[in-house]
Amino acid sequence: MGAPGIPGAAGIGGAGGREPSTTSGGGQLNRAGSISTLDSLDFARYSDDGNRETDERVAEHEVPLQERKNYKSSPEIQEPIKPLEKRALNFLVNEFLLKNNYKLTSITFSDENDDQDFELWDDVGLNIPKPPDLLQLYRDFGNHQVTGKDLVDVASGVEEDELEALTPVLGNLPPSLETPQTVENSLLVQKLEDKISLLNSEKWSLMEQIRRLESEMDFLKNEHFAIPVVCDSVQPSLDHKDSEDTGQNPVINSSDKEKDKDIHLSKSDEVDSSIPKENFPSSLPRREREEMPSSSPSSKNTVHFDKPNRKLSPAFHQALLSFCRMSADSRLGSEVSRIADSEKSVMLMLGRCLPHIVPNVLLAKREELIPLILCTACLHPEPKERDQLLHILFNLIKRPDDEQRQMILTGCVAFARHVGPTRVEAELLPQCWEQINHKYPERRLLVAESCGALAPHLPKEIRSSLVLSMLQQMLMEDKADLVREAVIKSLGIIMGYIDDPDKYQQGFELLLSALGDPSERVVSATHQVFLPAYAAWTTELGNLQSHLIPTLLNKIEKLLREGEHGLDEHKLHMYLSALQSLIPSLFALVLQNAPFSSKAKLHGEVPQIEVTRFPRPMSPLQDVSTIIGSREQLAVLLQLYDYQLEHEGTTGWETLLWVVNQLLPQLIEIVGKINVTSTACVHEFSRFFWRLCRTFGKIFTNTKVKPQFQEILRLSEENIDSSAGNGVLTKATVPIYATGVLTCYIQEEDRKLLVGFLEDVMTLLSLSHAPLDSLKASFVELGANPAYHELLLTVLWYGVVHTSALVRCTAARMFELLVKGVNETLVAQRVVPALITLSSDPEISVRIATIPAFGTIMETVIQRELLERVKMQLASFLEDPQYQDQYSLHTEIIKTFGRVGPNAEPRFRDEFVIPHLHKLALVNNLQIVDSKRLDIATHLFEAYSALSCCFISEDLMVNHFLPGLRCLRTDMEHLSPEHEVILSSMIKECEQKVENKTVQEPQGSMSIAASLVSEDTKTKFLNKMGQLTTSGAMLANVFQRKK
C-alpha cells in the first residue's frame, strides 16, 4: 500500500501499481493497472454488478489439481466465461457490428453493457495489446492446435522455481493464438504438462502424508497431555509489526478462557473421513494449510462414533462412503467441509468467503454486510486481504443514499477506533483517495464525509496535510453542490482538530473560496460549520482581532473604493455576512478576556439568561453559550459583564477597547460610503448592526454605540445649511442608525428615541432642501415590519402639523411609501385623514404633494367608501376652477394616472381616469407655452401607453379614449413627429376595430395594445424609442397584457 502522505503513491500502490503478469507464491496472476484513472480500476476490483477481480482470480489453489485438469480437458464440459474474457469478447463483438454496419444492433448491445467503454480497449482490463478483429481470429482459427491442456491455468500449486524450469509462459491468451505452432511444439508442451501433473500428484501425496502425521501428533498430544488445541493467532513477522503499529493484537487468540474443556480427536475420524484423497485441496501454500484447522471434525468434548461390528475392509468402507453425494471438490464445498474451530480460522474463512458473497447480495440490502466486512477487516492477519475488504466496503453500493453512507461512515469510525491512527492512515485513507474523482457524486460524497468523520482518528500531521489537501482539491474542482457542502462540513471538523499554525493562511483562503461559492447550500454550510470552527482556531491563535476581522473590513473598504461606478453587491454581502457570523466569537473573546473572567465561578444559584438576550444563532456553533462552554458559565459571565460596564468601566479591557476604538469607528465610516439608494446594502448593514448591538447588550449599545453615531450625525437645527444641506444626513448612516441601532430594544424610551430621531431628520432634510433618500430608506426598511407602522404614522403626523410647509410637503410624499404596506384599517383611520388635511393646506405645493399618495390608495385599497373619498378629493383637484391653470398639479395627476391606472379598480379607471385624461388632452391643445405643452403631452403619451394594456369598452373607446388620442396627436404633430407616427398607427387600427365591432370582451383582460398596434407599428415604435423622452418603465408596459 502506498504511503498516504503522497497522493500519487496512494493511488498507485493501492490500486493500479501491480507488477504486470507475474505470479505470486500462491500462483495468483495479478493483472497490471493498464489505465491510470481511478474509475477504470474499478473494473478490476469489486463493482456493483459483480464483476470482481477475485472472480477472475478464483482461488484455484483451493481446488484439487486433478479435478481442475479433468474439468478443463473434458470435451463435454466448457469452462464458464470469466468476467475479463466476457469484456474482451464484448469489445470484439461490438467492433465487428460497427464494421459491418449493424449500427442499431451495436447501440442496443452498448446499452445492455453500459458498464463498459467500447471506444477504449484498455477499459477491458487485460494487460495485453488489442487482439485482431473477430473476422481475423475466425479465419486464423484453423491454423492452431489448441487443446484443453494448452489452457491449463498457471495459478496452480506449483512453486515458482518449478514453474520457471518446466513451463513456458502461459497466460490467459497463449501466444499460439497469434503465431502458428508446429506439431513438435504441441507435443513438447503436452509432455511438459504431463510432467507437471506427475510432479503435482507426487507433491499432493507428500502433503497428505504430512497432514496425517500432523494430525496424529495433535492426537497424541491431546491424549497424553490434555493440552487444548491452540492455533497460532498471528504470523510472527506480520503481526508483530501490526501490534507495534497499533499497540494491540489485531487478531483474537483462540485460546480463550471460556474453552474449559479439552478438544480431542478420534482416530476413527481419520479413517472414516468422507473426503476422497484426490479431492483434498493440496495446492494451498503450506503456511495457509497450517493455519487452517484440520478437516476432521472437532468439538469442545471428545467426539466418539459407534463402530459397527463388521469385518469390512477400510478400503471397502471408503469406497462405499464415496457414493454419498457431497461437494467437497469445489471452492464452496471445501469451505463447507471445514468447520472453523478458532477465532482466527473464522476470520480467514470470512476473508475468503465475503468477496464471493457480496456480489450476490441485493444492492438495497448490502449494508447488512457492513458489520461482517468491518470485523473481518479489523481482525484479519493479512494486509492484502484487509485492503481488499475495505475496498469492498467503499464500493459496496453503487450509489449509496444518505442512510447507507451514514452506515458506512459509522463502520469506518468504529474501525478507526479499534485499529488506531496508523492503520487508519495506511488502510482507510487510500480508499478515500481512490474515489476522490469517482463519476458518481454519491461516492465522492462518501469520500468528503469520511474525511471529516475520520479526522479525530488520524495522525495530526496527516490531518493537516493530506486530508486538508484532499478536501481543498474537492472544494475547488467538484461540480456537485452536495459534495462541496459535505467538503465544507468536513473542513469545519478539520479546523476543530488542526494545531499547525502554518496552515492558518491556507484555512483563510479556503474560507474565502467557500464564502464565494455559487451554491447557497455551500455558503450556508460555511456559516454554520466552517466559519465558526475556523474562528475558534483563530481565537486560540490570537488572530481574530489582529487579522481575521480587520482583513474582512479592509476587503469591504476596497470594494467601496473600487465600486464608485458600480458596487459588487454580491461580494459586499459575502464579506459582511462573514463578519456577522463572527460576532458571537468576538463577544465570547471579549468575555473570556475580561478583567472579571477569573472571578466567574459557578457557585450557588445561577441567574437565568433571558430568551431574547441574544439573536437566534444560525447553528449551535454560533451560540455564545456553546463557544463559552455552557449556558450556566455564560450566565455568570454576563452578570459580571453588565456590572463591569455599568460601574467599573473598560480600563485595561483590551479586547473590548478594540471593539469600541477600532471596530466601531471603521464600521461607521464604511456605512457613510455605501449608496443610500441601494435597499440591499442598507438592509445588510442594518441587520449587521442589529446583531452586533443585541449580542453585546443594551448597556454597551447605549454607552458605546449610540454616542458614536450621535457624534457624527449632530442632529440640531444649527447645522442646517440651506445651500448644501447637512451632508451626513443624506447618507446611509441615517437609515442604518435608525433601523440597525435604534430598533434593537423596544421599550417605550427606545421607541421615543427612534421617533424623535426620524422627526429631526425629516425636519432638517426638509428645511435644508436636501434629498430625501436617507429618510425614504429608513421608512422602507422599517415599513417592512408591521410592528413599526404605528410609529411611522406618528412621525408623519408630526410632519402634517408642522409649521413649515417644507416639512408638511415631505410628510405628504412619505405617505406614498407607507400606503402599500399598511393595513386598510390604518389607512382609513390614520392615512386618509392626514392626507385630507394636507390637501386643504394653504400652500399649493403641499396639496400637490398629496396626489401620489392618493393615487397609491386608489391602486391598493378595495374599501368602497375609502375609494369614494379619495375619488372626490382628486375630482376637486381636477374640477375646481382655482386649479385650472396649475401646470404642476396637472403634471402630477397625469403621472399618477399613468402609474396607478392599469392596476386600479376598473370602475374607477373607466369612470374617472380615462374621461379626465381626455379633458386634460383637450385643455393641453390650448396651451400657449410650447415647453409646458410638450411636457404635458409627453406625460399624456406615457399614461395612454400604460392604459392601453387594459380592457376598454367600445363606448369608452369611442367617447373618450379615441378622442383623447386624437387631441394628443394634434399636440405631437407640432412638437414631436416621432410620437405622432405611433399615435397615428394606434388611432387608425383602433378605428378599424371599432368599425368592425371586433373589440374583445373583458374575459382574460386581453391587451388592447395587442389588437391596436400591428407588428410594423411596434417595430417603428421600438426603433424610435431611443429618441423619445418616454420613461422606460412606461414603455415596458406598452405591449404587455395586464398581469
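Sequence order as written defines residue numbering, which begins from 1 separately in each chain. The predicted nature of this model means local features are confined to residues of pLDDT at least 70 and side-chain atom pairs, given and counted, to a pLDDT of 80 or more, with totals for whole chains, interfaces and linings taken over all residues. Water and hydrogen atoms play no part in the side-chain values, which are based on all heavy atoms of the structure.

- Per an unreviewed UniProt entry, the recorded name for the chain is RAB11-binding protein RELCH, and the organism is Lynx pardinus.
- UniProt positions are given in the numbering used here, feature names are shortened, and annotations may be inferred rather than shown by experiment. What UniProt states about the chain under its Function (unreviewed entry) heading is, verbatim, "Regulates intracellular cholesterol distribution from recycling endosomes to the trans-Golgi network through interactions with RAB11 and OSBP. Functions in membrane tethering and promotes OSBP-mediated cholesterol transfer between RAB11-bound recycling endosomes and OSBP-bound Golgi-like membranes."

## Description of the overall build of the chain
Piece 1. A run of DSSP states H or I qualifies as a helix once it reaches four residues; a run of E qualifies as a strand once it reaches two. Both are numbered from the N-terminal end. Along the chain, the regular secondary structure elements total 48 helices and two strands.
Piece 2. Burial classification: accessible surface area is computed with a 1.4 Å probe over protein chains only, and a residue below 20% of its type maximum counts as buried, one above 50% as exposed, and the rest as partly exposed. Residues counted as buried form 50% of the 1043 residues belonging to the chain.
Piece 3. Whether two residues touch is decided by their heavy atoms; if any such pair falls within 4.5 Å, the residues are in contact. By sequence separation, contacts in the chain at least 24 residues apart represent 74% of the contacts at least 6 residues apart.
Piece 4. Carbon and sulfur atoms make up 54% of the accessible area of the chain, which totals about 50,700 Å². In these tables, accessible area is a Shrake-Rupley quantity obtained with a 1.4 Å probe, and a residue counts as shielded only by the protein chains included in the view.

## Quick notes on unusual backbone geometry
Piece 1. Its identity is not glycine, yet Asn-101 carries a phi of approximately 65°, on the positive side.
Piece 2. As for its position among the elements, Asn-101 is in the loop between α5 (83–99) and α6 (103–112).
Piece 3. Here Asn-101 falls in the exposed class, since its relative accessible area comes to 60%.
Piece 4. Of note in the backbone geometry, His-769 takes a positive phi value of approximately 55° without being a glycine.
Piece 5. Among the structural elements, His-769 can be located in the loop between α33 (748–767) and α34 (773–783).

## Focus: the environment of Pro-359
Piece 1. As for its position among the elements, Pro-359 is in the loop between α15 (343–357) and α16 (370–379).
Piece 2. The buried category is assigned to Pro-359, whose relative accessible area is 16%.
Piece 3. For Pro-359 and Leu-396, which are 37 residues apart along the polypeptide, the C-alpha to C-alpha distance reads 8.7 Å.

## What about the nonpolar core?
Piece 1. Buried residues of nine kinds, namely Ala, Val, Leu, Ile, Met, Phe, Trp, Tyr and Cys, make up a nonpolar core once their side-chain atoms join them within 4.5 Å. Residues Phe-689, Phe-696, Phe-700, Leu-758 and Phe-815 are the most contacted members of the largest nonpolar core, which totals 231 residues.
Piece 2. Where a domain begins and ends is set by an automatic assignment or by a domain database. Three or more residues apiece are contributed to this core by two domains, here domain 2 (436–541) and domain 3 (884–996).
Piece 3. Ignoring any residue separated from it by four or fewer positions in sequence, one finds Phe-815 in contact with Leu-793, Leu-796, Val-800, Val-831, Ala-834, Leu-835, Leu-838 and Ala-853.

## Some details on helix α26 (residues 569–592)
Residues separated by three or four positions in an α-helix point in the same direction, a consequence of the helix having 3.6 residues per turn.
Piece 1. Expected span of a helix, by definition, is 1.5 Å for each gap between consecutive residues, and there is one gap fewer than residues. An ideal rise of 1.5 Å per residue puts 34 Å on 24 residues; α26 measures up with 35 Å between its terminal C-alpha atoms.
Piece 2. The angle between axes fitted to the seven residues ending at a residue and the seven residues starting there is what we call the bend at that residue. Taking the largest bend as the criterion, α26 deviates by roughly 35°, centred on Ile-583, and proline Pro-584 comes between one and four positions later.
Piece 3. Within α26, 18 of the 24 residues are buried, which leaves it mostly tucked inside the rest of the structure.

## Topic: the packing of α16 against helix α18 (residues 402–419)
Piece 1. Axis lines are fitted through C-alpha atoms, for helices just across the contact stretch, and the angle between N-to-C directions can take any value from 0 to 180 degrees. Running from N to C, α16 and α18 cross one another at 20°; their axes reach a closest spacing of 10 Å. The angle between α16 and α18 places the two elements in the roughly parallel class. Of the two elements, α16 crosses α18, and the hand of that crossing is right-handed. Residues Ile-370, Leu-374, Ala-377, Cys-378 and Leu-379 of α16 form the contact with α18, whose participating residues are Met-407, Ile-408, Gly-411, Cys-412, Phe-415, His-418 and Val-419.
Piece 2. Residue polarity is assigned by list, with Asp, Glu, Lys and Arg as charged and Ala, Val, Leu, Ile, Met, Phe, Trp, Tyr, Cys and Pro as nonpolar; anything else, Gly included, falls into the polar class. Considered class by class, the residues forming the contact of α16 with α18 number 10 nonpolar, two polar and no charged. Orientation is classified from the angle alone, with under 35 degrees giving roughly parallel, over 145 giving roughly antiparallel, 65 to 115 giving roughly perpendicular, and any other angle giving oblique. Here is the rule for handedness: rotate from the far helix to the near one, and if that takes an anticlockwise turn smaller than a right angle the crossing is left-handed, while a clockwise turn gives right-handed.

## Looking at the side chain of Thr-733
Piece 1. In this fold, Thr-733 is placed in helix α32 (residues 733–741).
Piece 2. Ignoring any residue separated from it by four or fewer positions in sequence, one finds Thr-733 in contact with Val-671, Gly-672, Phe-709, Leu-713 and Val-728.

## Some details on helix α20 (residues 441–454)
Piece 1. Its 14 residues give α20 an end-to-end C-alpha distance of 20 Å, which sits within 8% of 20 Å, the value for a rise of 1.5 Å per residue.
Piece 2. Within α20, 10 of the 14 residues are buried, which leaves it mostly tucked inside the rest of the structure.
Piece 3. For α20, the complete set of buried residues consists of Arg-443, Arg-444, Leu-445, Leu-446, Val-447, Ala-448, Ser-450, Cys-451, Gly-452 and Leu-454.
Piece 4. On its buried side, α20 packs onto α17 (383–394), α18, α19 (421–434), α21 (460–477) and α22 (481–497).

## Notes on the packing of aromatic side chains
Piece 1. Only Phe, Tyr and Trp rings take part, Trp by its six-membered ring, and two of them pair if their centres are within 6.5 Å. Stacked means planes under 30 degrees apart, edge-to-face means over 60, and tilted covers everything else. Applying the stated criterion across every chain yields a total of 18 aromatic pairs.
Piece 2. Taken together, a centroid distance of 5.0 Å and an interplanar angle of 70° make the contact between Phe-587 and Phe-696 edge-to-face. On the criterion of sequence distance, the pair formed by Phe-587 in helix α26 and Phe-696 in helix α30 (residues 679–696) is long-range, its members being 109 residues apart. The pair formed by Phe-587 and Phe-696 is uniform in burial state, with each residue classed as buried.
Piece 3. Taken together, the aromatic side chains of Phe-587, Phe-596, Phe-614, Tyr-641, Trp-653, Phe-696 and Phe-700 make up a single cluster linked through ring pairs.
Piece 4. The rule is short: NZ of Lys or CZ of Arg within 6 Å of the ring centre and within 35 degrees of the ring normal puts a charge over the ring. In this structure, Arg-613 is placed above the aromatic ring of Phe-614, and the distance from its NZ or CZ to the ring centre is 4.5 Å.

## Things to note about a nonpolar patch on the surface
Piece 1. Residues enter patches when their relative accessible area tops 30% and they take part in no salt bridge; the joining distance is 9 Å for like charges and 5 Å for the nonpolar side chains Val, Leu, Ile, Met, Phe, Trp and Tyr. Salt bridges are defined by distance alone: a side-chain nitrogen of Lys or Arg within 4 Å of a carboxyl oxygen of Asp or Glu. Side chains of Leu-312, Phe-316 and Leu-320 sit close together on the surface and give an oily, nonpolar patch of about 260 Å² of accessible area.
Piece 2. Relative to the helices and strands, Leu-312 is located in the loop between α12 (286–291) and α13 (314–321).

## Here's the deal with the pattern of salt bridges
Piece 1. Counted by the stated rule, this structure contains 23 salt bridges.
Piece 2. Residues Glu-95 and Lys-130 are paired through a salt bridge, measuring 3.1 Å at the closest nitrogen-oxygen approach. Here the residue Glu-95 occupies a position in helix α5, and Lys-130 occupies one in the loop between α6 and α7 (134–140), the gap between them amounting to 35 residues.
Piece 3. Classification of Lys-130 as partly exposed rests on a relative accessible area of 39%.
Piece 4. Measuring nitrogen to oxygen at the nearest pair gives 3.1 Å for the salt bridge that ties Arg-405 to Glu-449. Here Glu-449 lies in helix α20 and Arg-405 lies in helix α18, a separation of 44 residues in the sequence.
Piece 5. In this structure, a network of salt bridges that share partners links the residues Arg-87, Asp-115 and Asp-123.

## What about the packing of α34 against helix α35 (residues 789–800)?
Piece 1. At their nearest, the axes of α34 and α35 sit 9 Å apart, and the two run at 150° to each other. When the axes of α34 and α35 are compared, the pair comes out roughly antiparallel. Classified by chirality, the crossing of α35 by α34 is left-handed. Between α34, through Phe-779, Leu-782 and Gly-783, and α35, the contact on the second element is made entirely by His-789, Leu-792, Val-795 and Leu-796.

## Notes on the state of the cysteines
Piece 1. Pairs of cysteine sulfur atoms within 2.5 Å are what we label disulfides. Within this structure, the stated rule accounts for zero disulfides.
Piece 2. No disulfide involves Cys-744; its sulfur sits 4.2 Å from that of Cys-693, the nearest cysteine.
Piece 3. In this structure Cys-744 comes out as buried when scored by relative accessible area, which is 3%.

## Comments concerning the environment of Thr-850
Piece 1. Within the secondary structure layout, Thr-850 lies in the loop between α38 (844–849) and α39 (851–860).
Piece 2. C-alpha separation for the pair Thr-850 and Leu-835, spaced 15 residues apart in sequence, amounts to 6.3 Å.
Piece 3. Leave out the neighbours within four places in its chain, and Thr-850 touches Ala-812, Leu-835, Leu-838, Ser-839 and Phe-877.

## Some details on the confidence of the model for the chain
Piece 1. Scored by pLDDT, the chain comes out at a mean of 76, with 74% of its residues at no less than 70.
Piece 2. A residue's pLDDT is simply how confident the predictor is in it, with values from 0 to 100. Overall, residues 721–725 carries pLDDT values under 50, and its contacts beyond four positions in sequence, including any with other chains, amount to five contacts.
Piece 3. Predicted confidence is poor over residues 1024–1043, with pLDDT under 50, and the contacts of this stretch with residues over four places away or in other chains come to 37 contacts.

## Remarks on the side chain of Thr-551
Piece 1. Secondary-structure assignment places Thr-551 in helix α25 (residues 544–562).
Piece 2. Looking at Thr-551, the relative accessible area reads 19%, which means it is buried.
Piece 3. At a separation of 2.5 Å, a polar atom in the side chain of Thr-551 contacts the main-chain carbonyl oxygen of His-547. Identification of polar contacts relies on pairs of N or O atoms within 3.5 Å, with a donor-acceptor requirement for protein atoms, meaning one able to donate a hydrogen and the other able to accept it, and with residues adjacent in sequence counted only if both atoms are side-chain atoms.

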